[in-house]
Amino acid sequence: MKCYQTRPRKRRGTAAVEFAVVAPIMLLFTFGLVELGRMMLVKQSATHATREGARIAIRPTATNDDVLDRVNEELALFAINDAVVETIPPSIEDMEPGLEVKVRITIDPAANSWVPGFFDWAIPDMVAESSMRRESTN
(Lines give C-alpha, C1' and ligand atoms only; values in the text may rest on other atoms or scores of the structure.)
Protein backbone atom coordinates (compact mmCIF):
# COMPACT_ATOMS: atom_id res chain seq x y z
CA MET A 1 0.00 0.00 0.00
CA LYS A 2 1.13 3.42 -0.81
CA CYS A 3 0.77 6.26 1.66
CA TYR A 4 0.06 9.57 0.05
CA GLN A 5 0.48 12.86 1.77
CA THR A 6 -2.09 15.36 0.78
CA ARG A 7 -0.68 18.83 0.86
CA PRO A 8 -2.51 21.74 -0.65
CA ARG A 9 0.02 23.31 -2.95
CA LYS A 10 -1.81 26.60 -3.42
CA ARG A 11 -1.80 27.65 0.27
CA ARG A 12 1.89 28.21 0.96
CA GLY A 13 1.64 31.88 2.07
CA THR A 14 -1.58 31.59 4.07
CA ALA A 15 0.08 31.77 7.49
CA ALA A 16 2.04 34.88 6.54
CA VAL A 17 -1.07 36.63 5.27
CA GLU A 18 -3.07 35.69 8.37
CA PHE A 19 -0.27 37.00 10.59
CA ALA A 20 -0.11 40.24 8.60
CA VAL A 21 -3.84 40.76 9.16
CA VAL A 22 -3.99 39.75 12.84
CA ALA A 23 -0.69 41.21 14.16
CA PRO A 24 -1.64 44.92 13.92
CA ILE A 25 -4.94 44.25 15.68
CA MET A 26 -3.20 42.35 18.47
CA LEU A 27 -0.62 45.13 18.86
CA LEU A 28 -3.42 47.69 19.05
CA PHE A 29 -5.11 45.68 21.82
CA THR A 30 -1.81 45.29 23.66
CA PHE A 31 -1.01 49.01 23.58
CA GLY A 32 -4.62 49.77 24.52
CA LEU A 33 -4.35 47.55 27.60
CA VAL A 34 -1.05 49.17 28.57
CA GLU A 35 -2.64 52.63 28.27
CA LEU A 36 -5.72 51.56 30.20
CA GLY A 37 -3.49 50.20 32.95
CA ARG A 38 -1.51 53.44 33.05
CA MET A 39 -4.67 55.55 33.33
CA MET A 40 -5.93 53.36 36.17
CA LEU A 41 -2.57 53.76 37.91
CA VAL A 42 -2.67 57.55 37.47
CA LYS A 43 -6.21 57.76 38.87
CA GLN A 44 -5.40 55.56 41.88
CA SER A 45 -2.17 57.47 42.56
CA ALA A 46 -4.02 60.78 42.39
CA THR A 47 -6.60 59.53 44.88
CA HIS A 48 -3.84 58.38 47.21
CA ALA A 49 -2.04 61.71 46.87
CA THR A 50 -5.21 63.62 47.80
CA ARG A 51 -5.57 61.52 50.94
CA GLU A 52 -1.97 62.20 51.90
CA GLY A 53 -2.45 65.91 51.22
CA ALA A 54 -5.63 65.98 53.31
CA ARG A 55 -3.79 64.27 56.19
CA ILE A 56 -1.27 67.08 56.14
CA ALA A 57 -3.96 69.76 55.73
CA ILE A 58 -5.90 68.77 58.86
CA ARG A 59 -2.97 69.47 61.15
CA PRO A 60 -3.39 72.69 63.16
CA THR A 61 -0.04 74.10 61.99
CA ALA A 62 -0.30 73.04 58.32
CA THR A 63 0.21 75.46 55.46
CA ASN A 64 -0.74 75.25 51.79
CA ASP A 65 2.92 74.78 50.89
CA ASP A 66 3.10 71.72 53.17
CA VAL A 67 0.11 70.20 51.42
CA LEU A 68 1.46 70.96 47.93
CA ASP A 69 4.87 69.52 48.81
CA ARG A 70 3.34 66.28 50.10
CA VAL A 71 1.00 65.84 47.14
CA ASN A 72 3.74 66.54 44.60
CA GLU A 73 6.02 64.11 46.41
CA GLU A 74 3.39 61.37 46.06
CA LEU A 75 2.72 62.17 42.41
CA ALA A 76 6.44 62.15 41.59
CA LEU A 77 6.67 58.51 42.67
CA PHE A 78 4.71 57.51 39.56
CA ALA A 79 5.97 60.26 37.24
CA ILE A 80 2.61 62.02 37.06
CA ASN A 81 3.07 65.35 35.32
CA ASP A 82 1.06 68.54 34.95
CA ALA A 83 -1.19 67.99 37.96
CA VAL A 84 -3.18 70.94 39.28
CA VAL A 85 -3.43 70.76 43.07
CA GLU A 86 -5.85 72.92 45.00
CA THR A 87 -7.10 73.12 48.55
CA ILE A 88 -10.60 74.17 49.46
CA PRO A 89 -10.65 76.68 51.10
CA PRO A 90 -7.71 78.23 49.22
CA SER A 91 -5.96 79.24 52.44
CA ILE A 92 -5.95 76.60 55.17
CA GLU A 93 -3.75 78.52 57.60
CA ASP A 94 -6.69 80.51 59.05
CA MET A 95 -9.26 77.71 59.17
CA GLU A 96 -11.14 76.99 62.36
CA PRO A 97 -10.88 73.49 63.89
CA GLY A 98 -13.68 71.15 62.89
CA LEU A 99 -14.21 72.65 59.45
CA GLU A 100 -13.81 70.50 56.37
CA VAL A 101 -10.74 70.87 54.19
CA LYS A 102 -10.62 69.36 50.68
CA VAL A 103 -7.64 68.55 48.52
CA ARG A 104 -8.41 68.25 44.80
CA ILE A 105 -6.09 67.13 42.02
CA THR A 106 -6.87 67.56 38.33
CA ILE A 107 -4.72 65.62 35.85
CA ASP A 108 -4.62 65.75 32.06
CA PRO A 109 -4.53 62.13 30.80
CA ALA A 110 -2.78 63.09 27.56
CA ALA A 111 0.19 64.49 29.51
CA ASN A 112 0.60 61.22 31.44
CA SER A 113 0.32 58.67 28.66
CA TRP A 114 3.02 56.07 28.11
CA VAL A 115 2.32 56.09 24.38
CA PRO A 116 1.62 59.79 23.74
CA GLY A 117 -0.35 60.55 20.63
CA PHE A 118 -0.95 56.90 19.78
CA PHE A 119 -4.52 56.97 21.06
CA ASP A 120 -6.32 60.21 20.44
CA TRP A 121 -9.11 59.74 22.94
CA ALA A 122 -11.29 62.58 24.08
CA ILE A 123 -10.82 61.75 27.76
CA PRO A 124 -11.80 64.51 30.16
CA ASP A 125 -9.43 65.52 32.91
CA MET A 126 -9.14 63.08 35.80
CA VAL A 127 -10.20 64.56 39.12
CA ALA A 128 -9.47 63.09 42.54
CA GLU A 129 -10.65 64.65 45.76
CA SER A 130 -10.43 63.88 49.47
CA SER A 131 -11.84 65.78 52.40
CA MET A 132 -11.18 65.62 56.14
CA ARG A 133 -12.05 67.70 59.19
CA ARG A 134 -9.45 70.09 60.57
CA GLU A 135 -7.97 69.08 63.93
CA SER A 136 -7.78 71.30 66.96
CA THR A 137 -4.95 71.89 69.38
CA ASN A 138 -7.16 71.35 72.43
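Structure shown above.
Residues numbered from 1 in each chain as written. Predicted model: local features only at pLDDT ≥ 70, side-chain atom pairs only at ≥ 80, totals over all residues. Heavy atoms only, no water.

1. Things to note about the overall build of the chain
- Regarding its fold elements, the chain presents two helices and three strands.
- For the chain, the sequential pattern of α-helices and β-strands runs α-α-β-β-β.
- Taken over 138 residues, the chain has a buried fraction of 30%.
- Taking all contacts inside the chain whose residues are at least 6 apart in sequence as the whole, residues at least 24 apart take part in 70%. (Helix = DSSP H or I, 4+ residues; strand = E, 2+ residues; numbered from the N terminus. Buried < 20%, exposed > 50% of the residue type's maximum accessible area, 1.4 Å probe, protein only. Contact = heavy atoms within 4.5 Å.)

2. Regarding the environment of Ile 105
- Here Ile 105 is to be found in strand β2 (residues 100–107).
- Take Ile 105: its relative accessible area is 0%, and that puts it in the buried class.
- In this structure the C-alpha to C-alpha distance between Ile 105 and Ala 83, which are 22 residues apart in sequence, comes to 6.4 Å.
- Filtering out sequence-adjacent residues up to four positions away, Ile 105 remains in contact with Ala 46, Ala 49, Thr 50, Val 71, Leu 75, Ala 83, Val 84, Val 85, Met 126, Val 127 and Ala 128.

On their own, these measurements won't tell you what the molecule is for.
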